[in-house]
Amino acid sequence: MDCENPMGIAAGDIARRGCIDLVVACRDNTTGLECSWIYPGHTEQKLQWRQKDRIPIKTMNACDVVLADFSDRGGLDIAICQSHSYESYTHEVLIYPTSACGFKPLPKPLSIPAHNAYRILVVKTGKNKRPALVVGNRLSGSLIGNPDNCVYIGGPDGFHEPSKLELPGWGSTDMVCCDFNDDGMPDLAFANAAELSPWLDPGSFVFLQTKQGFSRIPQTLATTRAHGVVCGDLNHDGWLDLVFCGFDNSVIKIFFGSEKGYSNDHVQEIVMEENGKAYSEPRFLALADLNGDGWLDLIIPLINEDVSFVLWGGPNGFSFENKQRFNVRHACNAKVADLNGDGYPELLFGGHTQSVSEPHNAFLYIYWGGPDGFREDRCTQLPSNAINSIAVADFNNDGLLDIFIASYENGRERDLDSYIYWNRAGRGFLPWDRLPLRTHAVSGNMAADFNADGWIDLAVANHKVQGEHMAYSTVWYNGPEGFNEKNTVNLPTAGPHSMGNVDVGNILNRSPDEYYISLPKMIPDGMGISSVYWEGEVPEKTWVKIQFRMAEDEAGLCSAKWLGPTGTDTWFNSGQRVDKFFFSGPWIQYRLKLGAFNSINTPRISKIVVCFEKLGN
């Protein structure tokens, strides 16, 4: 029998004509419309079925077929199992009541719901004469993976299910929250992977917020299976640029920001190919100035390789030829922080799934920074389980930055502990000095002081809980006694892949403060600084303070100490008087400290006024 993609077959005398009919459940598209087939039997030629006599049954992704007298009419009805529709695993089993009148014409079917069912069975149950239909369900819900992205709105009482904002995505795997258009409102960009439906990939979405909130209609950026996104001013033009990578995609794509926003025409593509090899599986990107030259560098973890890269930034932009290789196995994530307080950033890579049949080979890699950069002989490895996300924060308030590593899987299971590795004074990190937290396939996190009690809390995104995508993610509240599962809040989520890859706070030390250093200035002869003030917006839970440093010549400023009213640990406020006799130069420079609790808001300073007076007055 000439039928395409047969999946199951059933035989019986459907029309009660004394011959055997065949029903083939198949995915036959030869006629232009997917169907299964009935091959009527013929009494004049026993067990003969002719191609020309076959009857189409309209089906979609048919998997199995059974014949039984479900309607108790003495004949045989046809039940065909369909695994999934175009968009959903939840589909239907079609039951054609052919026991009454046969299949000419084919009666209208009844339908019952099924969930990615691949097999159906007919069984007899008890004394009931009618047979029962057993449907073996496997998966349910969306097949294309395009649930909305969810923002839980914080408040004085914490986070609650009713208080949330939902915005469209298409299998979003990463996001950034920044003020892209410099209007004082935080905006959002989602990297859409379209992992389950790459043929429907819409690109990535940018949502610009207004005073009325977010519109559900985004700006679309032309990306391909985007998996990571980072944001920064790469070319020093004052506008934030967006960098995307994608799975099964060796192209890094940069969308340059401008006064007019982002455009699919104002982009740069960097192809990651070398010596005939394409590096096509990058994951969660990171941006930081790793070498202190004032230009952001791009960190590219590669999940299927034993190497990852840093592309060095500069006035000429990024190039795949200008890079450093790092020998890390299957890195999925990267973070930057100064873990030992020496002023140089460390570079962290999170290795992914371990090999089931080999010794443990999944690790967190810490490359220790220094004046000569990063080297393979200055690397610490800490055991892990498929790190999809990392958080660096001082979780125990001892002044040292600790590391949370999320466990996504271990090759066998997904419901397993994640860990906080403790940073100890004079010793650093050890493999056994860690706190386990029971989690479920963690794919994202955020560390912040959610309830303003002075302790860094932790939110973790559970991709699956006990095998279910439709589950929950967890907020772990911290305190003097540390983390406790009794002090958690679960929030409903649908298979989240990320919570963004940028930690709260200063990228070097995770403090709430960022700094701006002015150009050097020469004080007029015989004068000193008498007062200082500034103009601009300083929203709630933000602050601005200032220090000065002085030297006899411009070159001496670099080694001079920053000073406030009474020393290095103090700062001037706006409008505060300054001791003009002490702060008299002749060369001066000021440093602004711009602080924001949890990086929620930001001061926007438009003018700094430094007043001078003659020293003789």
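Residues numbered from 1 in each chain as written. Predicted model: local features only at pLDDT ≥ 70, side-chain atom pairs only at ≥ 80, totals over all residues. Heavy atoms only, no water.

**A closer look at the sheet that holds strand β13 (residues 172-178)**
Spatially, four strands are ordered β13-β14-β15-β16 in an open sheet, and the strand pairing comes out antiparallel. With partners counted over all chains shown, the strands left at the sheet margins are β13 and β16 (219-221), one partner each. Strand-to-strand twist of the sheet, defined as the mean angle between neighbouring strand axes without regard to direction, takes the value 20°. By the bridge criterion, three bridges tie strand β14 (residues 187-192) to strand β15 (residues 204-207) in an arrangement that is antiparallel. Bridging from a neighbouring strand, alanine 189 pairs with valine 206 of β15. (Pairing = 2+ DSSP bridges. Helix = DSSP H or I, 4+ residues; strand = E, 2+ residues; numbered from the N terminus. Axes fitted to C-alpha atoms, helices over the stretch in contact; angles between N-to-C directions.)

**Considerations on the layout of surface pockets**
Volume-wise, the second largest pocket comes out at about 550 Å³. Asp394, Ile456, Asn509, Arg510 and Ser511 are the residues nearest the centre of the second largest pocket, which is lined by 36 residues in total. Mapped onto the lining of the second largest pocket, the elements with two or more residues apiece are β31 (390-393) and β35 (442-448). It is β35 that provides the largest number of residues to the lining of the second largest pocket, a total of four residues. A breakdown of the residues in the lining of the second largest pocket according to their chemical character gives 16 nonpolar, 14 polar and six charged. Mapped onto the domain boundaries, the lining of the second largest pocket takes at least three residues apiece from domain 3 (327-510) and domain 4 (513-614). (1 Å grid on protein atoms, 1.4 Å probe; cavity = no way out; pocket = protein on both sides within 12 Å on 5 of 7 lines; lining within 4 Å. Points joined across faces, edges and corners; volume = space filled by probe spheres on them. Nonpolar A, V, L, I, M, F, W, Y, C, P; charged D, E, K, R; others polar. Domains from an automatic or database assignment.)

**Let's talk about the side chain of serine 389**
When you line up the elements, serine 389 lands in the loop between β30 (379-383) and β31. For serine 389, a relative accessible area of 5% gives the class buried. Among the polar contacts made by the side chain of serine 389, one reaches the side chain of asparagine 445 at a distance of 2.9 Å. With residues near it in sequence (within four places) discarded, serine 389 still touches Asn333, Phe404, Ile405, Ala406, Val442, Ser443, Gly444 and Asn445. (Buried < 20%, exposed > 50% of the residue type's maximum accessible area, 1.4 Å probe, protein only. Polar contact = N/O pair within 3.5 Å; in protein donor to acceptor, adjacent residues only side chain to side chain. Contact = heavy atoms within 4.5 Å.)

**A few points about the domain arrangement of the protein chain**
Taken domain by domain, the protein chain comprises domain 1 (1-167), domain 2 (171-293), domain 3 (327-510) and domain 4 (513-614). A straight line from the C-alpha centre of domain 1 to that of domain 3 covers 46 Å. Facing six residues of domain 1, the contacting portion of domain 3 comprises seven residues. Here domain 1 meets domain 3 over a buried area of about 520 Å², counting both sides, of which 71% is carbon and sulfur. Interface area lost by domain 1 to domain 3 is led by Tyr152, Phe159 and Glu161, which between them contribute 79%. The interface formed by domain 1 and domain 3 contains zero salt bridges. Taken together, the connections running from domain 1 to domain 3 amount to one residue pair in polar contact (both at pLDDT 80 or more). Considered class by class, the residues forming the side of domain 1 that touches domain 3 number three nonpolar, two polar and one charged. (Buried area = accessible area lost by both parts, 1.4 Å probe. Salt bridge = Lys/Arg side-chain N within 4 Å of Asp/Glu carboxyl O.)

**A word on the pattern of salt bridges**
For the structure on display, the rule yields 21 salt bridges. Across the pair arginine 216 and aspartate 148 runs a salt bridge, and its minimum N-O distance is 3.2 Å. One end of the pair, arginine 216, is in the loop between β15 and β16; the other, aspartate 148, is in the loop between β10 (132-136) and β11 (149-152), with 68 residues separating them in the sequence. Relative accessible area serves as the criterion here: at 45%, arginine 216 is assigned to the partly exposed category.

**With respect to the sheet that holds strand β2 (residues 21-28)**
As summarised here, the arrangement of the four strands in space is β1-β2-β3-β4, forming an open sheet in which the pairing is antiparallel. Since the sheet does not close on itself, it has two edges, and those belong to β1 (6-12) and β4 (55-58), each with one partner. Between one strand and the next, the sheet's axes are offset by a mean angle of 20°, whatever the strand orientation. Looking at chain direction, strand β3 (residues 35-39) and β4 are connected through four bridges and run antiparallel. Across the sheet, cysteine 35 pairs through a bridge with lysine 58, a residue of β4.

**Section: unusual backbone geometry**
Here the residue pair glycine 585 and proline 586 is connected by a cis peptide bond, since its omega of 15° sits within 30 degrees of zero. Along the chain, the position of proline 586 falls in the loop between β42 (542-551) and β43 (587-596). The backbone of aspartate 182 sits at a positive phi, close to 60°, despite the residue not being glycine. Considering the arrangement of structural elements, one finds aspartate 182 in the loop between β13 and β14. In the Ramachandran plot, arginine 225 falls in the positive-phi region, its phi being about 50° despite a non-glycine side chain. Along the chain, arginine 225 turns up in the loop between β16 and β17 (226-232).

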